[in-house]
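Below, each chain spelled out in residue letters.
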Amino acid sequence: VDPTQPDLAGSVSTGPDFTGSGRTAGGPFWGVHGTAVASIIAGHGHGLHHADGIVGVAPQAKILSVRVTLENKDPLLASPTGVAALPTAIARGIRYAVRHGAQVIDLPLDPAAQAGGTTAGGSPAERSAVEAALAKGVVLVAPSGDNGAGSDTFNYPAAYPGVISVGAFGQGFVKAPFTNQQPYATLTAAGNGVIAANGLTGYAKLKSTSAASAVVAGIAALIRSQFPTFTPAQVEQALTIGTVFRHKGGRKDGSGFGTADAAAALLAAAKINATPTSAASPGTAANPTPPAAPKVHVVTKS
């Protein structure tokens, strides 16, 4: 994430680059996608009364930027050896973020899927890091995948148990054709045509489940800010109870429990907090009952 982008200035701390790619700030293959995603999560606008630019879902959240994968168009993605090393980089990034106080981690797309390949069960290192983060109470959010119109293979880290996996929709709440259609999706959010930062001064539309995951990571940050003792399962429960536009069969076609709604999720969280017996234990958030400021760090791909 570029910490000098005006809508993010003062909100970004920069962690290490675990990719070993040699890419540096200012180059064409550094900080483009991560800055865009971060602006959706925590953009605070700029200029007089912050009236210019983008205000994200959680504008008071703090971003801890940890580089763990490559830009979508980076030629290095053509190297099978380089791509094979990225799940380990993601695992190291998760562990670093947890050690440095992250409460919500927005994970990247599957590097193998980015490179046009497939995965078979993910990475042991990645899976272990995910399990360790959840055990520490860290909320994990990930894009469900952008190859729904192609191979539609499982996308990791999104498909690991306990990760809140997010698909994308566009105008009219129509699910984006690129969204993976796999049953591990938890819910959907705006991701097809979302305005985000593009470089230091520009703005562009994102068409990716990464944008949708950024929206949900921002909502998770709001929930954690209001209810800092919530477990990851309770945050997931609030998100899923608070969904709207649920359609029959959504759990099977990549739509999950419905469409994310920030206000409804916060109301659901308040009800969970007021009812001790409703506190979710790990795994129970996958079957929610339909509805009848501490500092928050969000980690995203650079």
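Within each chain, residues carry numbers counting from 1 in the order of the written sequence. Local features in this predicted model are restricted to residues of pLDDT 70 or higher, and side-chain atom pairs are both shown and tallied only at a pLDDT of 80 or more, whereas totals for entire chains, interfaces and linings draw on every residue. Excluding hydrogens and water, the side-chain values take into account all heavy atoms of the structure.

Some points on the environment of A36
Secondary structure counts use DSSP, requiring at least four H or I residues in a row for a helix and at least two E residues in a row for a strand, with both numbered from the N terminus. Tracing the backbone through its elements, the reader meets A36 in helix α1 (residues 32-42). Taking C-alpha positions, A36 is 8.1 Å from L206, a pair spaced 170 residues apart along the chain. Whether two residues are in contact is decided by their heavy atoms, any of which lying within 4.5 Å being enough. Residues in contact with A36, not counting those within four places in the same chain, are A196, A197 and L206.

A word on the confidence of the model for the protein
A low pLDDT means the predicted coordinates there should not be read in detail. Known as pLDDT, the predictor's confidence for each residue is given on a scale from 0 to 100. The pLDDT averaged across the protein works out to 90; a share of 89% of its residues lies at or above 70. A low-confidence stretch, residues 278-298 (pLDDT under 50), is modelled with 53 contacts involving residues beyond four sequence positions or located in other chains.

Some thoughts on the pairing of strand β10 (residues 202-207)
Along a regular strand, successive side chains alternate from one face of the sheet to the other. Pairing geometry for strand β9 (residues 192-198) and β10, over six bridges, is antiparallel. Paired with V194 across the strands is L206, a residue of β10. Hairpin connection between β9 and β10: a loop of three residues separates the two successive antiparallel strands, and G199 in this loop has a positive phi of roughly 80 degrees. Pairing between two strands is assigned when DSSP locates at least 2 bridges connecting them.

Points about the side chain of D74
Along the polypeptide, D74 turns up in the loop between β4 (62-67) and α2 (80-99). Overall, the relative accessible area of 3% leaves D74 in the buried class. Setting aside chain neighbours within four positions, we find D74 in contact with R23 and F29. Classification of residues uses two cut-offs on accessible area relative to the type maximum, computed with a 1.4 Å probe and protein chains only: under 20% is buried, over 50% is exposed, and between them is partly exposed.

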